[in-house]
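Analysis of the macromolecular model
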Amino acid sequence: MKLADFVNSFNLKFREVSNFVRYPIENISRITQRRIQNIYENIEVPGNSDRENSPESSQVTTSIPEKIENKEEYNGYTSNGFDGNVTQRLPRQLINQQTNFSLLPPLKSNVEIRGRRGRYRVENIIVDKESERIREYFGIHILNNKPVWIKEYLLPESDFNQQETRERKDKFEELASVNFKSEEGKDFRLITPWDAIYSRDEGRCFLITEFIDNRITLRKYLENIQHAMTSKQVRKVLELVLVSLKYLHTDSKINLPVSQRPHGNLSLDSLLISKDKLDDNTQSEQFFIYLSDFALWENLFKLPNIKLNHPSREKDLQDLGTIAFYLLHGREKDRVYANYLNPKNEKHWENINDVSLKNFIRRLLGLDTSFVSAEDALIFLLRLQPQLENTIEKVEVEAEDNKSELSHYSNFLTTALLVIIIGLLLGFVGGISWLLFNLIFKGKSPEITIVENSICCINEVEETEALKPNPIIYNVPSSETTLKYLMTTPNLVSPGKTFPKVLGDRVQKDLQLNLDYKPVKTISNAIANLKNNDTQFFITQHSDEELEDIPNANQLETKTVAYEGIVVFVPFSDSQRKNSFPEALNGKISFEDLRQLYTGKVSNWNKFNYKLPNSPVKLYIPQDEVLVDKFKKLVFENHRNEEQRFENLIKEGKIIKRNTPITLRNILNEFENQDKGGIGIGFGLLSKVYNQCAVYPLSIGEKGKEVQALVQNNGKDINPKINLCKKGGYYPNPEVMKKEDGYPLKYPISVVYPEDEEKSLAGRKFVEILKTDEGQTLLREAGLVPIRKIKDN
């Protein structure tokens, strides 16, 4: 034996032993399964001799070698029994020419391949990319007769030397031991190796994966529909892929080093779309996106002289941004010059009308402030409000529908007018009667609410005079993190611009709204600056009642321009919602129940509610101390002893402090994995929880009077049976926010300025701008709840 062969043999044995030590359960399971499979396949059923001798049966098992030997132009392949590879039988005159890539033909139908996890029969070839040295087959897993996808990679000797081939085969075989844990029913969809097989005699490797029915690549999908995806569809694609990337990048169950976790090869070819009717492009279509062709194995078969990009989380997000950019155009290349569309070229964005989606994609691409992780990108995406596309076309369609309806009901016009006249008369008489009743029996006129007509757009706010001084200085207390984030963070509503800069750009030029943010530590500092004429106004999340308790807060005008709320949430999983926490809790929780949980009186979910699992309660709170103080004040009011126990649990570390995005991920993972350490409940800002489906925001209030913060488009509150993952079907409810007896865990976002008419000019104009439909829409896009329902126009 040659020394090189001896070393290679030793290395092979060492890897087998090492693999067994690292993954004993998987290896024992695989060996047991193989033994059972062999016994199963060798069992003979009495009385079936005719079947055994039939031509159909012999074609698969015994006839193939004979056909190979008798037919020189056919290069067939058959399972070699127990060697774990596929052998080739070639005519002698062709053996010396095997280095020629063209002499490695596709596998024929009924050829069997044996791997670690079973035997697979080739049914027919689906894809043959000879230039890329890749073929794909539809096959059958013989043990359970389930369909599989077989992908063949070729390593021709003209491109790879013996050492390079051996190294690639060794790394490829290890893929069979990688555990991606993509169980059926999860929210992520990864097409990962079920089995990885290589031929010892030739440059062939076979990857066995799950067969997904009716799947095509996004590239093929665009070719089929011959036009761009809608913004709504692109948002859905982004959401589905980000859910998968979030799992891929962070889940501890994947037994791979962190550096090998990223996909590294995202493209229109590696993302597969699967739905019932692939040629249907309606807005209501349902589809799934699968991630395939990971760089972890695809890069093994790239030519040695090709420089490969190192997979990274940042690259995954950038690649996803590029894919979304192409989907919005419906193609990769310019139709005239066949040049690749370039997202760095602003002209190539001209036809994209969805501004918020455009800004999001630019952040994925790194053209604006990049996202830290897939999870951050996902949470940000779920907060984006969908925008109507093709507005003119929709108006024309609606006009046509109205015309049709008018024609349909023209016969009833006379009757309808008569009913309207009678109704007006009855209303007039009823109004007079109501007014007289109040004057006679109550001795006073009834209170009548006057509804102000809102202004549509910011540039319609009239200038009385140029605002002075210039710039306008305003304060935001640094402890009020929501407002600090709103007023200082770029890209919230426009790329590269802060919220105040966007407002300044949209007002009439003569108004000169040039805002200058000056942070202060406390609300008292902001009031003092206002009194000393050092600022023109300040923005706060303190209510009128709270401001009245602060010294020197008199002679100030307070105007509410938006709302923010605190929501309490429990795990929600679309795939398991029949046995979910929200259903068991009827979608609500009372203050009394919250106090029991957050003081440790109830520490097991089953004791809290018999429908819930026998699992410890894990308590989460946000790291924002101001938010925790607000929660404490609202929930533990007049319950000082319980409030003290709550504070003690925080000091003892029995309540977990985490940023809200991390809390959302932890709570969902604990529920789906039935974590023995417990399943969590938490609270956080509505703006950070709304428009995601990891957790369910519960209705909250005194027992029997719980109020829900989110409402469906049909005007009804959300409930545990709806699909929170379906975006655009629900939104924060402004009505329950502005009512005194409405949502209890809310607080206003207010602008405060002097009562003096001259000194208040800047503050009043700022409020007027924010109360326009456009200003309210911008506040909503930034994550706050507007003071009224805004039309999507």
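Our subject is the structure that appears above.
Predicted, not measured: the structure shown is a model, and the values here were computed from it.

The helix and strand tally for the protein stands at 29 helices and 25 strands. Relative to its 793 residues, the protein shows a buried fraction of 48%. Residue pairs in contact within the protein that sit at least 24 positions apart in sequence constitute 68% of those at least 6 positions apart. Working note: accessible area of the protein is about 42100 Å², and carbon and sulfur atoms make up 50% of it.

Attention shifts here to the sheet that holds strand β9 (residues 215-217). Taken together, 3 strands build an open sheet; the order of strands is β9-β10-β11 and the sheet is antiparallel. Since the sheet does not close on itself, it has two edges, and those belong to β9 and β11 (288-291), each with one partner. Strand-to-strand, the axes of this sheet are offset by a mean angle of 35 degrees, without reference to chain direction. Here β9 pairs with strand β10 (residues 271-274) via 3 bridges, running antiparallel. Among the inter-strand pairings, threonine 217 is bridged to a residue of β10, identified as leucine 272.

So, about the sheet that holds strand β6 (residues 146-154). Strand order in the open sheet formed by 6 strands is β3-β4-β5-β6-β8-β7, with antiparallel pairing between adjacent strands. Only two strands of the sheet have a single neighbouring strand rather than two, namely β3 (112-115) and β7 (195-198). Strand after strand, the sheet turns through a mean of 35 degrees between neighbouring axes, direction not considered. Relative to β6, strand β5 (residues 134-141) runs antiparallel, the two being bridged by 8 bridges.

Quick look at a nonpolar patch on the surface now. Taken together, the side chains of Leu418, Ile422 and Leu426 define a hydrophobic patch exposed on the protein surface, amounting to about 310 Å² of accessible area. Within the fold, leucine 426 resides in helix α15 (residues 413-442). Judged by its relative accessible area of 60%, leucine 426 falls in the exposed class.

Taken together, the side chains of Asp544, Glu545, Glu548, Asp549, Glu740 and Asp741 make up a negatively charged region of the molecular surface. Under the relative-accessibility criterion, glutamate 548 is labelled exposed at 67%.

The subject of this paragraph is unusual backbone geometry. The phi angle at asparagine 145 is positive, at roughly 65 degrees, despite the residue not being glycine. Overall, asparagine 145 belongs to the exposed group, its relative accessible area being 54%. Despite not being glycine, asparagine 638 has its phi angle at roughly 65 degrees, a positive value. Using a relative accessible area of 75% as the deciding quantity, one classes asparagine 638 as exposed.

Let's shift gears to the packing of aromatic side chains. The tally for this structure, following the rule as stated, stands at 25 aromatic pairs. Seen from their ring centres, phenylalanine 581 and phenylalanine 671 are 5.9 Å apart, and the 85 degrees between their planes marks the pair as edge-to-face. Highlighted residues: phenylalanine 581 in helix α20 (residues 581-584) and phenylalanine 671 in helix α25 (residues 660-672), separated in sequence by 90 residues. Assessed through its relative accessible area of 3%, phenylalanine 671 is described here as buried. Judged by centre distance (5.8 Å) and plane angle (80 degrees), the rings of tryptophan 605 and phenylalanine 608 are edge-to-face. Taken together, the residues span about one helical turn, with tryptophan 605 and phenylalanine 608 both in helix α22 (residues 605-608) at a distance of 3 residues. Per residue, the accessibility class of tryptophan 605 equals that of phenylalanine 608, and both read buried. A connected cluster of aromatic rings, assembled from ring pairs, spans Tyr598, Phe631, Phe636, Phe646 and Phe683. Here the basic side chain of arginine 117 rests over the ring of tryptophan 194, its NZ or CZ set 4.5 Å away from the ring centre. Seen from the ring of tyrosine 747, lysine 630 lies directly overhead, with NZ or CZ sitting 4.6 Å from the centre.

Right, let's talk about the state of the cysteines for a bit. Applying the stated criterion across every chain, the model contains 1 disulfide. Paired by a disulfide, cysteine 456 and cysteine 457 hold their sulfur atoms 2.5 Å apart. Judged by its relative accessible area of 22%, cysteine 457 is partly exposed.

Take the packing of helix α9 (residues 231-250) against helix α12 (residues 355-365) next. Viewed as axis vectors pointing N to C, α9 and α12 meet at an angle of 35 degrees, and their least axial separation amounts to 11 Å. Like other packed secondary-structure pairs, α9 and α12 cross with a definite hand, here left-handed. For the pair α9 and α12, contact is made by Ser231, Val234, Arg235, Leu238 and Leu242 and by Ser356, Leu357, Phe360, Ile361 and Leu364, respectively. Across the contact of α9 with α12, the residue classes tally to 7 nonpolar, 2 polar and 1 charged.

To continue, consider the pairing of strand β17 (residues 617-621). With respect to burial, β17 is a largely interior element, 4 of its 5 residues being buried. The sheet contact formed by β17 and strand β19 (residues 679-685) spans 3 bridges and is parallel. Its bridge partner lying in β19, lysine 618 is registered against glycine 680. Relative to strand β18 (residues 656-657), β17 runs parallel, the two sharing 2 bridges. For isoleucine 621, the partnering residue across the bridge sits in β18 and is lysine 657.

On to helix α16 (residues 481-488), then. Taken together, the buried positions of α16 are Thr482, Leu483, Leu486 and Met487. Seen along its axis, α16 keeps its buried residues to an arc of 115 degrees; they face one direction.

So, on to the pairing of β5. Across the 8 residues of β5, 8 count as buried, placing the element largely inside the fold. Neither face of β5 is exposed, since Ile134, Glu136, Phe138 and Ile140 on one face and Arg135, Tyr137, Gly139 and His141 on the opposite face are all buried. Both strand β4 (residues 118-129) and β5 contribute to a ladder of 8 bridges, which runs antiparallel. By the bridge assignment, aspartate 128 is partnered in β5 with arginine 135. What sits between the antiparallel neighbours β4 and β5 is a turn of 4 residues, in which arginine 133 has the positive phi angle 60 degrees.

Here we come to the nonpolar core. If you look at the biggest cluster of nonpolar residues, it comprises 167 residues, and the most contacted ones within it are Leu238, Phe360, Leu597, Tyr598, Phe631 and Ile681. Top element by residues in this core is α9. It accounts for 10 residues.

Attention shifts here to helix α11 (residues 313-329). Between its terminal C-alpha atoms α11 stretches 25 Å, which fits the 24 Å expected from 17 residues at 1.5 Å a residue. Most of α11 sits inside the fold, with 13 of its 17 residues counted as buried. Immediately beyond the C-terminal end of α11, within one or two residues, lies glycine 330, with a positive phi of roughly 80 degrees.

Mapped onto the secondary structure, aspartate 316 falls in helix α11. Lysine 315 provides the closest opposite charge to the buried, salt-bridge-free aspartate 316, at an N-O distance of 5.9 Å. With residues up to four places along the chain from it excluded, the contact list for aspartate 316 reads Leu245, His249, Pro262, His263, Gly264 and Leu266.

Further remarks concern the pattern of salt bridges. Here the structure, examined in full by the defined rule, presents 37 salt bridges. We note a salt bridge from aspartate 354 to arginine 235, for which the minimum N-O separation is 3.0 Å. Residue aspartate 354 is found in the loop between α11 and α12, and its partner arginine 235 is found in helix α9; the two are separated by 119 residues along the sequence. Residue classification places arginine 235 among the buried positions, given a relative accessible area of 9%.

The rules behind these values
Numbering of residues begins from 1 in every chain and follows the order in which that chain's sequence is written. Under the rules for a predicted model, residues below a pLDDT of 70 receive no local features and side-chain atom pairs below 80 are neither given nor counted, while totals for whole chains, interfaces and linings still include all residues. Each side-chain value is derived from all of the structure's non-hydrogen atoms; neither hydrogens nor water enter the calculation. Put simply, DSSP H or I for four residues or longer makes a helix, DSSP E for two residues or longer makes a strand, and each gets a number counted from the N terminus. A 1.4 Å probe rolled over the protein chains alone gives each residue an accessible area, and that area as a share of the maximum for its type sets the label: buried under 20%, exposed over 50%, partly exposed in between. The criterion used for residue contact is that any of the two residues' heavy atoms lie within 4.5 Å. Computed by Shrake-Rupley with a 1.4 Å probe, the accessible areas treat only the displayed protein chains as cover when residues are assessed. When DSSP finds at least two bridges between two strands, those strands are taken to pair. All axes are obtained by fitting lines to C-alpha atoms, using only the stretch in contact for helices, and the reported angles, taken between N-to-C directions, cover 0 to 180 degrees. Within this analysis, patches are made of residues with over 30% relative accessible area and no salt bridge. Like charges are joined at 9 Å or less; nonpolar side chains (Val, Leu, Ile, Met, Phe, Trp, Tyr) at 5 Å or less. Any carboxyl oxygen of Asp or Glu within 4 Å of a side-chain nitrogen of Lys or Arg constitutes a salt bridge here. Positive charges come from Lys and Arg alone, negative charges from Asp and Glu alone, with His and the N- and C-terminal ends not counted. One atom stands in for each charge, and that atom is NZ of Lys, CZ of Arg, CG of Asp or CD of Glu. Stacked, tilted and edge-to-face pairs are distinguished by plane angle, under 30 degrees for stacked and over 60 for edge-to-face with tilted covering the rest, among Phe, Tyr and Trp rings (Trp via its six-membered ring) whose centres lie within 6.5 Å. When the NZ atom of lysine or the CZ atom of arginine is within 6 Å of a ring's centre and also within 35 degrees of its normal, the charge is said to sit over that ring. By convention in this document, the label disulfide applies to cysteine sulfur atom pairs within 2.5 Å. Helix crossings are classified by the rotation of the near helix relative to the far one: an anticlockwise turn of less than a right angle makes the crossing left-handed, while a clockwise turn makes it right-handed. Basically, the charged four are Asp, Glu, Lys and Arg, the nonpolar ten are Ala, Val, Leu, Ile, Met, Phe, Trp, Tyr, Cys and Pro, and anything else, Gly included, counts as polar. The directions considered for the arc are those from the helix axis to the C-beta atoms. Joining through side-chain atoms within 4.5 Å is the link that ties buried Ala, Val, Leu, Ile, Met, Phe, Trp, Tyr and Cys residues into a set, and such a set is a nonpolar core. One less than the number of residues in a helix, times 1.5 Å, gives the span that helix is expected to have.

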